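# Topology and contacts: notes
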Amino acid sequence: MAPAIPEPTIITLQNMYWGRPTATWTIPRDGQGSYADPQRTVTFDVSAETFDRIREIFLPYEERDFHCNRVITDGPYGFVIWSSREGQEDQRTLWDAGCVTGDASDLFARTDAAMEILVPLRDGGSAAE
């Protein structure tokens, strides 16, 4: 089990491929969230309630390490990152699309559930200049 972390105020979901970010979501507990990919950056409002819903989805992974048997080596991967304040990363949990064992399918399902909440926020947000 990973050590207990301070109460997070920011959750970041970072998607990577071959060492490069493909999309990054930053969700504060209450304030301006953001989504960035190589083509655009979008900001959107995030309520405390929405943050709490996202946190609840990932809560089983908040204070423990995630390990799996990586079978497929050429695929996307990324991180769920919990921070207690901006600039202070408290925990980073790796997900990897090449994983087929352990809790991989559960973590992927939780990521999909978070996206169901976040994509409409992003799509209704404002493009950053």
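Up top is the structure.
Before going into details, it helps to say that this report is about the structure given with it. Keep in mind the model is a prediction, meaning the values are calculated, not measured.

Cut-offs and rules
Residues numbered from 1 in each chain as written. Predicted model: local features only at pLDDT ≥ 70, side-chain atom pairs only at ≥ 80, totals over all residues. Heavy atoms only, no water. Salt bridge = Lys/Arg side-chain N within 4 Å of Asp/Glu carboxyl O. Helix = DSSP H or I, 4+ residues; strand = E, 2+ residues; numbered from the N terminus. Buried < 20%, exposed > 50% of the residue type's maximum accessible area, 1.4 Å probe, protein only. Contact = heavy atoms within 4.5 Å. Phe/Tyr/Trp six-rings, centres within 6.5 Å; stacked < 30°, edge-to-face > 60°. Lys NZ or Arg CZ within 6 Å of the ring centre and 35° of its normal.

The next point concerns the pattern of salt bridges. Counted according to the given criterion, the structure contains six salt bridges. A salt bridge links D52 to R29, with the nearest nitrogen and oxygen atoms 2.7 Å apart. Note that D52 is positioned in helix α1 (residues 48–58) and R29 in the loop between β2 (20–28) and β3 (31–37), a separation of 23 residues in sequence. On the accessibility criterion, R29 (34% relative accessible area) is partly exposed. Here R110 ties to D106 by a salt bridge, and the two come within 2.9 Å at their closest N and O atoms.

As for its position among the elements, Q14 is in strand β1 (residues 10–17). The exposure class of Q14 is buried, given its relative accessible area of 16%. Those residues in contact with Q14 that sit more than four places away from it in its chain are P21, A23, T24, Y77, G78, F79, I81, R92 and W95.

Counted according to the given criterion, the structure contains four aromatic pairs. Ring plane angle 85 degrees and centroid distance 6.3 Å describe the contact between Y17 and W18, whose orientation is recorded as edge-to-face. Here the aromatic rings of Y77 and F79 are separated by 6.4 Å at their centres, their planes lie at 85 degrees, and the arrangement is edge-to-face. Neither Y77 nor F79 differs from the other in exposure class; each is buried. Three or more aromatic residues joined by ring pairs make a cluster, and in this case those are W25, Y35 and F44. The ring of Y35 carries R122 above its face, with NZ or CZ at 4.7 Å from the centroid.

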